[in-house]
Amino acid sequence: MRESRFSLVSFFLVLSLVAASGPSLQAQTKVKPGFNIFSEEQDVEVGKQSAAEVERQLPVLKDSEIQSYVSRIGERLAGNAPGPKFPYQFKVVNVSDINAFALPGGFMYINRGLIEAARDEGELAGVMGHEMAHVALRHGTNQASKAYLGQAGLGILGGMMGSGATSEIMGAIGGFGLNSLFLKFSRSAEEQADVVGAQMMAKAGYDPVAMARMFETLREKSGRDPSRFEQFFSSHPAPADRAQRIENEAKLIGGYDARSPVGDFRRVQSRLERMPPAQTMEQLAKSQPSDPRQSGRQGGDQPNSGPVRVSVERPSSRLRTFEHKDRAFRVRYPDNWQAHESRSGDGVTLAPDGGIVTYRGEEAIVYGTIINTFDPAAAGSRSGSSRQLSLEDASERLVAQLLESNNYLRRERGSRRVTVDGAQGLSMSLSGRSPVTDQDERVVLVARRFSNDRLIYMLFISPERDYDSFQPAFNSMASSFRVED
Ligand SMILES: [Zn+2]
């Protein structure tokens, strides 16, 4: 995350189309990207992780001729894309539904069904240009930014779900992969993608009106077989007068230098025709439990299968020191664990290899320790003053938030007074059956006051059956914990 964070003013700015002013009436429409809490590098990071998830769920067509044809169209467009220089890449998904989507940072997927439905290279380029415009304008992470800020309270528990700023944010808003925040856009975003996509096409030597034709083709065909088109139109809601707007933009652009196609579109289509028919998304979803790609993996994400099996080494009794980057705290921890420091927040997650897993697109910690700070004022009601909150009350708010974001946990009765680095602290225990492992889990919270009326806390996490063997490590961490406030 950028250190500059975001301003409230930009938060409420609605994406808008700004018509170019100036002497020329022929100027193209200028589009201003919306606010974003992600850096451009994070767009790529989020896209890359999501793409890895997507490719575990969807079959990528392995055909070098078709793959290279689609990539050549994409590269021609990408050479003319506005905005950041994203590492655009293009893959064909072997499903018959007519759809295409692009993840932040430029990871684009074009369904085989869409290539089969298009009438020429220009129409295919039209959809790709439209998708690329969503990426260049960073619509996916713009929506993710809005969603994240919409749940402001969750951000405070940053360290809870992830091992880095990006993971924390993504964990709070539905995770990596086929996150609808990246796939489904507002009508105003659609307008922007049409306009910018048309401009990109013209620069790349395609007729921008081909994009309008493609949308028409899709609409025509959807009348005959609505189910195959459903996804496309629900994720790209047609703005009013779509075709008209694209045609107007083409006029504003005022012509283009037509280039010859990058390849033989007909040849690609007939090549697809000769292949065994692709499954629909629905068939694919049904067949997935027996999908060989799902078996034999361990500790990874298993979208449609059962709980994750996790096994980690026992914590080493040799300790090393983690020192927070702003020297806010330091702690000794087993030397066979890793520190996953969050870049934006105050937190760190210390965990053995394999102790953090991805489950249903979110990172979850099965074994390890989270250290973070908590601002009870931000978590409490707006009316009540947060000053003078007792340690007990502040901790209650923290626990309430933990239970809310981990609703399988139950609180065990009572709290224990403990000493944390010479100051008074509280310890509480939570337990419940983890949906990630389908095993009983124990979470022990230790909290004490920190500067600015905040709390600093440690969460010790382990499956119940292993808690005893992790206890000595947890004890060493609690007793070596030093806070600078
Ligand atoms: Zn769209």
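Bear in mind the structure is a predicted one, so any value in this text is a computation, not a measurement. (Residues numbered from 1 in each chain as written. Predicted model: local features only at pLDDT ≥ 70, side-chain atom pairs only at ≥ 80, totals over all residues.)

Draft legend 1. Looking closely at the confidence of the model for the protein. Here the protein averages 81 in pLDDT, and 84% of its residues register 70 or above. Across residues 152-163, where pLDDT falls below 50, the model places 44 contacts with residues more than four positions away in sequence or in other chains. Taken together, the stretch residues 290-305 has pLDDT below 50 and engages in 23 contacts with residues farther than four places along the chain or on a different chain. (pLDDT = per-residue confidence, 0-100. Contact = placed C-beta atoms within 7 Å.)

Draft legend 2. Broad picture of the nonpolar core. Formed by 77 residues in total, the largest nonpolar core has its most connected members in Leu-77, Met-108, Ile-110, Met-128, Met-132 and Met-201. What Met-108 contacts, discounting residues up to four positions off in sequence, is Gly-74, Tyr-88, Gln-89, Phe-90, Ala-102, Met-128, Glu-131 and Met-132. Of all hydrophobic cores here, the second largest spans 50 residues; its members include Trp-337, Tyr-359, Phe-450 and Ile-456. (Core = buried A, V, L, I, M, F, W, Y, C linked by C-beta atoms within 7 Å. Buried ≥ 20, exposed ≤ 12 C-beta atoms within 10 Å, placed from the backbone.)

Draft legend 3. A look at the packing of helix H3 (residues 64-78) against helix H5 (residues 121-136). Across the interface, H3 lies against H5 with an axial gap of 10 Å and an inter-helix angle of 55 degrees. The pairing of H3 with H5 is recorded here as oblique in orientation. H3 and H5 meet at a crossing whose hand is right-handed. Mapping the contact onto sequence places Ile-73, Gly-74, Leu-77 and Ala-78 in H3 and Glu-121, Leu-124, Ala-125, Met-128, Gly-129 and Met-132 in H5. (Axes fitted to C-alpha atoms, helices over the stretch in contact; angles between N-to-C directions. Helix = DSSP H or I, 4+ residues; strand = E, 2+ residues; numbered from the N terminus. Parallel < 35°, antiparallel > 145°, perpendicular 65-115°, else oblique. Left-handed = near helix turned anticlockwise from the far one by under 90°.)

Draft legend 4. Fine view of the pairing of strand E6 (residues 319-323). Sheet topology places E6 next to strand E7 (residues 329-334); five bridges connect them, and they run antiparallel. Residue pairing for E7: Arg-320 is matched across the bridge by Tyr-333. Connecting E6 to the antiparallel partner E7 that follows it, the hairpin turn spans five residues, and Arg-327 within it adopts a positive phi of roughly 60 degrees. (Pairing = 2+ DSSP bridges.)

Draft legend 5. Here's a closer look at the pairing of E7. Here E7 pairs with strand E18 (residues 482-483) via two bridges, running antiparallel. Paired with Arg-330 across the bridge in E18 is Arg-482.

Draft legend 6. Structural view of the sheet that holds strand E3 (residues 89-93). The strand order across the open sheet formed by three strands is E3-E5-E4, and the pairing between neighbours is mixed. At either margin of the open sheet sits one strand with a lone partner, and together these are E3 and strand E4 (100-103). Adjacent strand axes in the sheet meet at a mean angle of 20 degrees when their direction is disregarded. Bridge count between E4 and strand E5 (residues 107-111): four bridges; the pairing is antiparallel.

Draft legend 7. Representation of the environment of Gln-42 in the model. Position of Gln-42 among the secondary structure elements: in helix H2 (residues 40-57). A residue is classified by how many C-beta atoms lie within 10 Å of it, and Gln-42, with 23 of them, is buried. Expressed as a C-alpha distance, the spacing of Gln-42 and Thr-166, which sit 124 residues apart in the sequence, is 6.9 Å.

Draft legend 8. Focus on the sheet that holds E18. A sheet is described by the order of its strands in space; here three strands give the open sequence E6-E7-E18, paired in antiparallel fashion. A single partner strand is all that each edge strand has here, and the edge strands are E6 and E18. Relative to E7, helix H18 (residues 464-480) is tilted by about 160 degrees, and along the sheet it contacts E6 and E7.

Draft legend 9. The arrangement of the environment of Tyr-148 in detail. Looking at where Tyr-148 falls in the secondary structure, it is placed in helix H6 (residues 139-150). With 22 C-beta atoms packed within 10 Å, Tyr-148 lands in the buried category. Sequence separation of Tyr-148 and Gly-171 is 23 residues, and the distance between their C-alpha atoms is 9.7 Å.

Draft legend 10. Region of the structure containing H18. Look at H18: 24 Å from first C-alpha to last across 17 residues, which is about the 24 Å you get at 1.5 Å a residue. Along its length, H18 reaches its greatest deviation from straightness, about 55 degrees, at Phe-470, and the proline Pro-472 lies no more than four positions downstream. Buried residues of H18: Tyr-467, Phe-470, Ala-473, Phe-474, Met-477 and Ala-478, and no others. (Expected span 1.5 Å × (residues − 1). Bend = angle between axes of the 7 residues up to and from the residue.)

Draft legend 11. Focus on the environment of Ser-451. Mapped onto the secondary structure, Ser-451 falls in the loop between strand E16 (439-449) and strand E17 (455-463). Take Ser-451: there are 11 C-beta atoms within 10 Å of it, and that puts it in the exposed class. For the pair formed by Ser-451 and Val-483, sequence separation is 32 residues and the distance between their alpha carbons is 9.9 Å.

Draft legend 12. Inspection of unusual backbone geometry at higher detail. Even without being glycine, Arg-138 reaches a positive phi, approximately 60 degrees. Mapped onto the elements of the fold, Arg-138 is located in the loop between H5 and H6. Not every positive phi belongs to a glycine, and Asp-421 is a case in point at roughly 45 degrees. Relative to the helices and strands, Asp-421 is located in the loop between strand E14 (416-420) and strand E15 (423-434).

Draft legend 13. Fine view of the packing of helix H10 (residues 187-203) against helix H13 (residues 242-253). Viewed as axis vectors pointing N to C, H10 and H13 meet at an angle of 40 degrees, and their least axial separation amounts to 9 Å. Judged by the inter-axis angle, H10 sits oblique to H13. In the packing of H10 onto H13, the handedness of the crossing is right-handed. Mapping the contact onto sequence places Glu-191, Asp-194, Val-195, Ala-198, Gln-199 and Ala-202 in H10 and Arg-242, Arg-245, Ile-246, Glu-249, Ala-250 and Ile-253 in H13. Among the residues making up the contact of H10 with H13, the classes are represented as six nonpolar, one polar and five charged. (Nonpolar A, V, L, I, M, F, W, Y, C, P; charged D, E, K, R; others polar.)

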